[in-house]
Structures are given as C-alpha cells and as structure tokens.
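Each chain is listed here by its residues.
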Amino acid sequence: MATRVAINGFGTIGKRVADAVAAQADMEIVGVTKTGPSFGCELAVRRGFPLYCTSDDAGRVAAFSEGGYECAGGLSELLAAADVVVDCSPGKMGAENLTKYRKAGVKAVFQGGEPHALTGLSYSSSANHDANLGADATRVVSCNTTGLSRTLVPLWEACRSLAVECTMIRRAADPGDSGKGPINAIKPVLKVPSHHGPDLMTVRPEISINSLAVAVPTTIMHVHAIVATLPSGHGLTTDAAVELFRAQPRVIVMHGGDSRITTTAEVMEMARDIGRRWGDLHEIFVWEDGVKLVGDTLYYFQAIHQESDVVPENVDAIRALTGSEADWRASVAQTDAAIAAAHGSA
Ligand SMILES: NC(=O)c1ccc[n+]([C@@H]2O[C@H](COP(=O)([O-])OP(=O)(O)OC[C@H]3O[C@@H](n4cnc5c(N)ncnc54)[C@H](OP(=O)(O)O)[C@@H]3O)[C@@H](O)[C@H]2O)c1
C-alpha cells in the first residue's frame, strides 16, 4: 500500500516536496495546507492535491470557499488521513506542530528551519539514512548542510578523518521574497562560527567542521568555498577527489572554463535546460577546475540551489521513517528516477 503523505505548508519547499512525492509509485499525496486562499491554492487545484487549512478554525476553513477554493477541512482532518506529514511551515513553528502530529499518531519530517533539538534526530540521505529507519520524527537538514553532506560525507568515508573550514556565500533571499528587497549590500553573518558547518555534525558527527557565512545580493544560489584538511597518508590526488565527487548521486561535476559555466547564473541556466519543474537543480554543482589538492589540504567550490536540493532528501526521509527502504542508495535511485520520469527531464 502506498504511504499516505500530508504536506503541512504549501510554500517554496512544500509545493516542491508535494510534486516529488506525487511522482513516487510507493507514495501518494492525501492533502496540502495553506493558511487561507492565496495564489498558491491554484497550483494545488491544478495538481489535484486536496486543499486543507493549516488551522481547524471553522472561520478560516470557510474563508477558502469565500475565496473561490474548495477546502477539505482543517489540519486535524488531514492528519487523520495520513501516515506521514512533511512539515514545510515557516521555520520555528515546529514545536507547536509536533504536538499536533504526535496527538494524531502521524510520523513527521521537518525542515532545516527547525532546530535539531526539536526531534533529536536529523536526516541527510548519504549521511545517516540508517539511523532514521523507523523513527517517529526527523528533520531534513538545511539546503546548505545538505550540500555539505553530499561532498563531505564521501570524502570522510574515503579518508576516515576530516577537518573542514568553509565559507557559505549565501543568497540574500529566495526569488519570490520581494518583501526582502531591493538589496545592494554584502552582509557578514556576525554569529561566528555560523550554524551551517556544525549542523553537518548532527548527521555525521565524525566530521570536524566550522563555517563563516556572508549574505550577498543574489536570489538564485549559495556558493560554498571549502577547505578540507585530510589525514596524512590519505592517498588522494586532485583527480581522484574530482572522480570521487563525480561518482556520487546528486552531485554534478563540470569544468567551468571549457563549458563556460563560470557563475551561478550559468549553472541555473543549465538547470533550466535539464527541464525540472521551476527550473530546479536537485544536484550540488562542483566546479572541476575549482578543485585542488595541495599537500593534505583540499580546496573546492560548490553551488547549491537553495530551493530544491532538499526536495529529494524529503522523499528519502519518508522511506526511512516508514522503514520501507533500508538502503539509502536504493532510495535515492528510486526517488530520482521517478522525478525524472514525471518531469521528462533531459
Ligand atoms: N526556501 C528555501 O530556500 C529553503 C531551503 C531549505 C529549507 N527551507 C526550510 O523549509 C521550511 C519552509 O520554508 P519555505 O521557504 O518553504 O517557506 P515559505 O515559502 O514561506 O512557505 C511556508 C508555508 O507554510 C505555510 N504556513 C504558514 N503558517 C503555517 C502553520 N502554522 N502551519 C503550517 N504551515 C504554515 C504558509 O502558508 P501560506 O502560503 O498560506 O502563507 C506557506 O505555504 C523552513 O523551515 C525553511 O527554513 C527553506
């Protein structure tokens, strides 16, 4: 029987996770929530996702029909029809929502805007799928931490010791966040070290990592500048490190100079060519000519599409909680093949 999945919060991440879940043969969307009638409801209607209200308040449920949308009920009614809820509400609402999910007896996947302490368990497909098997609730780590996990976990597995310093060059806002602009400044994040690097240790504590962050006036991607100290006798070369990254699922390695993909603008143009919905890029992009091993120090750059790299991880996290697929590589392959088939990706 297909896993019945509810999406609580149908915004930037929620609509993408709903789309990816709906593509899976072993899952079905039983409903998505909005706070009230707004333009995002239109997408739910077009995709045939039953629309629910984030609240059980009768007045707020009724507001949907007044706005021209059919609302199937409040959150409690949606939870009653679900096996797993993916919480895609704005960050810091998790504690209140987790109480509701527990009361309904529904397993829950949260997003990186929530603290690790909420569930005491975090998730990244390549890092700790097995530790999440059968759990009641987890948190998919943030877009930045997911990106770090994709390349640093295989590097740690190849070397068995890793000390990392990285700088997160962050987009100032998502493309739809017009309320945050216009922006013309570079803003160092004055919480030092930033939370991004250490967050990786919630899914792979063996990696020693610290980070700085700076927000820049772009909306399309984050870039990470990574400096990793490998143990002596690691046996890697620059070429071997490139091949290690190339062999990983959800990592794209390309030569920037030859392919003329030298900026995030060109990476996102390539993503639009691939043909995923919203022009998304689920993969982490590593510039081959930006990888360099000097002695025991590996330097590289990678780019993260903040709105979408966590999307397939949510699908894998659902399989981990239900225990329906114990092998993370098998889940990743199943997830990605189903999304590619649904999107007709090139
Ligand atoms: N955006 C990114 O790049 C990104 C990347 C990785 C992780 N995340 C994380 O993903 C989570 C969601 O972020 P987002 O960017 O998708 O936010 P978003 O675009 O603002 O969407 C949030 C959605 O939650 C709904 N909502 C509001 N109050 C709610 C409640 N009490 N219960 C349930 N849903 C509620 C909103 O409804 P209305 O539409 O009706 O207002 C909206 O649809 C956050 O934890 C964030 O940190 C975001």
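Structure's up top.
What this report covers is the structure whose coordinates are included nearby.

Cut-offs used in this document
- Residues numbered from 1 in each chain as written.
- Predicted model: local features only at pLDDT ≥ 70, side-chain atom pairs only at ≥ 80, totals over all residues.
- Heavy atoms only, no water.
- Pairing = 2+ DSSP bridges.
- Helix = DSSP H or I, 4+ residues; strand = E, 2+ residues; numbered from the N terminus.
- Contact = heavy atoms within 4.5 Å.
- Axes fitted to C-alpha atoms, helices over the stretch in contact; angles between N-to-C directions.
- Core = buried A, V, L, I, M, F, W, Y, C linked by side-chain atoms within 4.5 Å.
- Buried < 20%, exposed > 50% of the residue type's maximum accessible area, 1.4 Å probe, protein only.
- Domains from an automatic or database assignment.
- Near = heavy atom within 4 Å.
- Polar contact = N/O pair within 3.5 Å; in protein donor to acceptor, adjacent residues only side chain to side chain.
- Areas by Shrake-Rupley, 256 points an atom, 1.4 Å probe, with all protein chains shown as cover.
- Nonpolar A, V, L, I, M, F, W, Y, C, P; charged D, E, K, R; others polar.
- Phe/Tyr/Trp six-rings, centres within 6.5 Å; stacked < 30°, edge-to-face > 60°.
- 1 Å grid on protein atoms, 1.4 Å probe; cavity = no way out; pocket = protein on both sides within 12 Å on 5 of 7 lines; lining within 4 Å.
- Points joined across faces, edges and corners; volume = space filled by probe spheres on them.

Comments concerning the sheet that holds strand 7 (residues 137-140)
Now for step 1: With respect to topology, seven strands assemble into an open sheet ordered 3-2-1-4-5-7-6, the strand pairing being parallel. Strands with a single pairing partner mark the edges of an open sheet, and in this sheet they are strand 3 (51-53) and strand 6 (122-123).
Now for step 2: Here helix 1 (residues 12-22) sits on the sheet in contact with strand 1 (3-8), strand 2 (27-34) and strand 4 (84-87), set at roughly 160 degrees to strand 2.

Looking at the nonpolar core
One recurring pattern in soluble globular proteins: nonpolar side chains tend to sit buried together.
Now for step 1: By size, the foremost hydrophobic cluster in this structure holds 40 residues, and its most contacted members are Ile7 and Val32.
Now for step 2: The element best represented in this core is helix 12 (residues 311-322), accounting for six residues.
Now for step 3: When residues are assigned to domains, this core turns out to be shared by domain 1 (3-141 + 310-343) and domain 2 (143-304), each giving three or more.
Now for step 4: Contacts of Ile7, omitting those with residues within four sequence positions, involve Gly14, Val17, Ala18, Ile29, Gly31, Val32, Thr33, Leu78, Val86 and Cys88.
Now for step 5: Listed in part, the 32 residues of the second largest apolar core include Ile209, Leu236, Val286 and Tyr300.

A few points about the site of the ligand
Now for step 1: What surrounds the ligand is a group of 23 residues, the closest being Thr12, Ile13, Lys34, Thr35 and Asp174.
Now for step 2: The contact in question runs from an oxygen atom of the ligand to an N or O atom on the backbone of Gln306, over 3.2 Å.
Now for step 3: For the ligand, the protein covers 77% of the area, taking 900 Å² as the surface of the free molecule.
Now for step 4: Considering only residue class, the shell around the ligand consists of six nonpolar, 13 polar and four charged.
Now for step 5: Shared between two domains, the shell around the ligand takes at least three residues from each, and those domains are domain 1 (3-141 + 310-343) and domain 2 (143-304).

Examining the side chain of Thr146
Now for step 1: As for its placement among the helices and strands, Thr146 is situated in helix 7 (residues 143-159).
Now for step 2: A relative accessible area of 0% places Thr146 in the buried class.
Now for step 3: The contact partners of Thr146, leaving out residues within four places of it in the chain, are Val141, Asp309, Val310 and Glu313.

Section: the packing of aromatic side chains
Now for step 1: Taken as a whole and assessed by the stated rule, the structure comprises four aromatic pairs.
Now for step 2: Centroid distance Tyr101 to Phe110: 5.8 Å. Interplanar angle 40 degrees. Geometry classified as tilted.
Now for step 3: For Tyr101, a relative accessible area of 0% gives the class buried.
Now for step 4: Between the aromatic rings of Phe245 and Tyr300, the centroid separation amounts to 4.8 Å while the plane-to-plane angle is 50 degrees, which identifies the pairing as tilted. With Phe245 in helix 9 (residues 238-246) and Tyr300 in strand 15 (residues 297-304), the pair connects residues that are 55 residues apart, well separated along the chain. Each member of the pair, Phe245 together with Tyr300, is buried.

Topic: the pairing of strand 13 (residues 284-287)
Now for step 1: Along strand 13, one buried face is formed by Ile284 and Val286 and the opposite face, lined by Phe285 and Trp287, is buried too.
Now for step 2: Inspection of the sheet shows strand 12 (residues 251-254) paired to strand 13 by four bridges, in the parallel sense. Considered in strand 13, the bridge of Met254 is made with Trp287.
Now for step 3: Bridging between strand 13 and strand 15 involves two bridges; their strand directions are antiparallel. Bridging from a neighbouring strand, Phe285 pairs with Ala303 of strand 15.

A look at empty space enclosed by the protein
Now for step 1: All told, the structure shown has three cavities of 30 Å³ or more when counted by the stated rule.
Now for step 2: Counting residues per element, the ones that place at least two in the lining of the largest cavity are helix 6 (125-128), helix 7 and helix 13 (328-343).
Now for step 3: By residue number, the principal contributor to the lining of the largest cavity is helix 7, which donates three residues.
Now for step 4: In this structure, the lining of the largest cavity is formed jointly by two domains, domain 1 (3-141 + 310-343) and domain 2 (143-304), each of which donates at least three residues.
Now for step 5: Roughly 50 Å³ of internal volume is contained in the second largest cavity.
Now for step 6: Of all the secondary-structure elements, those providing two or more residues to the lining of the second largest cavity are helix 1 and helix 13.
Now for step 7: If one sorts the elements of the lining of the second largest cavity by residue count, helix 1 sits on top with three residues.
Now for step 8: Each residue belonging to the lining of the second largest cavity can be placed in one class, and the counts come to four nonpolar, two polar and three charged.
Now for step 9: Composition of the lining of the second largest cavity by domain shows at least three residues from each of domain 1 (3-141 + 310-343) and domain 2 (143-304).

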